[in-house]
Amino acid sequence: MKPIKVGLLGLGTVGTGVVRLVEGHQSDLESQVGSPIVIEKVLVQNVSKARSISIDSSKLTEDVWDIIHNPEIDVIVEVMGGIDLTRNYILEAISRGKHIVTANKDLMALHGPEILSKAQEHGCDVMYEASVAGGIPIIRTLVEGFSSDRITKIMGIVNGTTNYILTKMSQEGADYSDVLKEAQDLGYAESDPTSDVEGLDAARKMTILATLGFRANVALEDVDVKGISSISREDILYAKRLGYEVKLLGIAERQDDYISVTVQPTMVKHTHPIASVNGVFNAVYVYGEAVGETMFYGAGAGELPTATSVVADLVAVVKNLKLGVNGKQEKLAYKEKKLKTDEQIASKYFLLLHVADRAGVLARITQAFAEFEVSLESVLQQPNENNPEAEIIIITHDANKAAVKKVLGALENMEVVRVIKSVYRVEG
């Protein structure tokens, strides 16, 4: 049986996991696809570097073209990251008839439509399961498992770093800055954590999920993004007191073919399954018109969980190769993209206000909500020994985003409102 030869771009954490799985599970893989799968060449930055796995040095190269221009290589697995250079490499490889497996969410969020179009033109497969939620098979589920359903909402914790930080803040009452440093020390957060804590990583993943779930080309700039860096211990405390957990959620919704996609800190009712997803774990909640509510939970990163998704994609490519159906994937984004306006986006909101402690203040504040037709679910005023002013907590009923913005503008102009301390979406 002729072996299927693979070129591997990158031998970091995930690349090492791919080598371990392909070499360690060779008999299982061969029984599934009918041929040996061989890692023919591996791109590394330094061929003489010491490594945690044993690999034939003759297979290592520092020149990417040794892999892309190698006529014997059938599939390229890209786990090196990067965007612009990597895009060029991938497009060149496709033009030479090579199939692609990638774990690169940045690349697919920004250039996915171009890469998929090029692949279809050249009869090549492009698989990218590992680009979102590590070992959770959410992309394959959206494309295949929900192919007969209409998805109305995708809601997920898709960034383990921020979930770890918020979990520690909730369970231990720790400050954001202290937990961030701990996450960096443990390797969960980068030395520059901006992509994670400001929601950019999650936004790229939600771009991919929304495109697949709603069959429309959602772009990164369509995602309304807010990170967790402004969340205080006080916010977490009040949320818990009211029966909520604060999570950084990606939320993609569709109604009457109009869609919205956001990434923002959200207060989730403690009885909702996603509220109990803690630490570095990920979870994606999918609502379908026919199936109802489903949730997918698991490790969102790490060597072997992510490598498992990569190798599963590799197996899928090889099976297509055997059947002669590479590059025959359905067009995944065939619908016109219609974005919701602020008037069409509705949810509950939590507000924490610091206000003057005198008679009539609450009446003035509730009048502002009434003026813009935002109804209130609950209002709580309580003393805070650390704050000489009064604190008012408000949770609204479902209200459209445009009306809430008008209320916030009115509150900012009130002399009795010292500061709008926090505003969060409420789910569950």
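What counts, and at which threshold
Residues numbered from 1 in each chain as written. Predicted model: local features only at pLDDT ≥ 70, side-chain atom pairs only at ≥ 80, totals over all residues. Heavy atoms only, no water. Salt bridge = Lys/Arg side-chain N within 4 Å of Asp/Glu carboxyl O. Helix = DSSP H or I, 4+ residues; strand = E, 2+ residues; numbered from the N terminus. Buried < 20%, exposed > 50% of the residue type's maximum accessible area, 1.4 Å probe, protein only. Contact = heavy atoms within 4.5 Å. Pairing = 2+ DSSP bridges. Axes fitted to C-alpha atoms, helices over the stretch in contact; angles between N-to-C directions. Polar contact = N/O pair within 3.5 Å; in protein donor to acceptor, adjacent residues only side chain to side chain. UniProt positions renumbered as here; feature names shortened; annotations may be inferred. 1 Å grid on protein atoms, 1.4 Å probe; cavity = no way out; pocket = protein on both sides within 12 Å on 5 of 7 lines; lining within 4 Å.

Draft legend 1. Local environment of the pattern of salt bridges. According to the stated counting rule, one finds 29 salt bridges in the structure shown. Here Arg150 ties to Glu289 by a salt bridge, and the two come within 3.5 Å at their closest N and O atoms. Placement of the pair is Arg150 in the loop between helix H6 (138-145) and strand E7 (151-157) and Glu289 in the loop between strand E11 (281-288) and strand E12 (292-299), with a sequence separation of 139 residues. Assessed through its relative accessible area of 55%, Glu289 is described here as exposed. For Asp201, the salt bridge identified is with Lys205, shortest N-O distance 2.9 Å. Of this pair, Asp201 and Lys205 both sit in helix H10 (residues 200-214), four residues apart, which is roughly one turn of that helix. Grouping residues by exposure puts Asp201 and Lys205 together as buried. The network of salt bridges with shared partners includes Lys153, Glu253, Arg425 and Glu427.

Draft legend 2. Just H6, in detail. Inspection of H6 places Ile138, Ile139, Thr141, Leu142 and Val143 among the buried residues, and these make up the whole buried set. Where H6 is buried, its residues touch E7, H10, E11 and E12.

Draft legend 3. Quick look at the sheet that holds strand E5 (residues 99-102). What the six strands build is an open sheet, ordered E3-E2-E1-E4-E5-E6; its pairing is parallel. The sheet is open, and its two borders are formed by strand E3 (60-61) and strand E6 (126-127), each paired with just one other strand. Across two bridges, strand E2 (residues 37-43) lies against E3 in parallel orientation. Residue pairing in the sheet places Val42 in a bridge with Leu60 of E3. Its contacts with the sheet place helix H1 (residues 13-24) against strand E1 (4-9) and E2, and it is angled at close to 155° to E2.

Draft legend 4. Looking closely at the pairing of E12. The pairing of E11 with E12 spans eight bridges and is classified as antiparallel. Within E12, the position partnered with Phe281 by the bridge is Ala299. In this antiparallel pair of consecutive strands, E11 and E12, the connection spans three residues.

Draft legend 5. The environment of Ser48, seen in detail. In this structure, Ser48 sits in the loop between E2 and E3. When its relative accessible area of 62% is taken as the criterion, Ser48 is described as exposed. Here Asn46 takes part through its side chain, which lies 2.8 Å from a polar atom of the side chain of Ser48.

Draft legend 6. Structural detail: the pairing of E1. In terms of residue burial, E1 counts as a mostly covered element, since six of its six residues are buried. The two faces of E1 match: Ile4, Val6 and Leu8 on one face and Lys5, Gly7 and Leu9 on the other face are all buried. Sheet topology note: the E1/E2 ladder contains six bridges and is parallel. Residue Gly7 lies in a different strand from E2, and its bridge partner there is Lys41.

Draft legend 7. The arrangement of the UniProt feature "binding site: NADP(+)" (unreviewed entry) in the protein in detail. Taking the numbering used here, the UniProt-annotated feature "binding site: NADP(+)" (unreviewed entry) corresponds to Leu9, Gly10, Leu11, Gly12, Thr13, Val14, Gly15 and Thr16. Lining of the largest pocket among the annotated residues: Gly10, Leu11, Gly12, Thr13 and Val14. One can find Gly10 in the loop between E1 and H1. If we ignore the near neighbours within four places in the chain, the residues touching Gly10 are Gly15, Val42, Leu43, Val79 and Met80.

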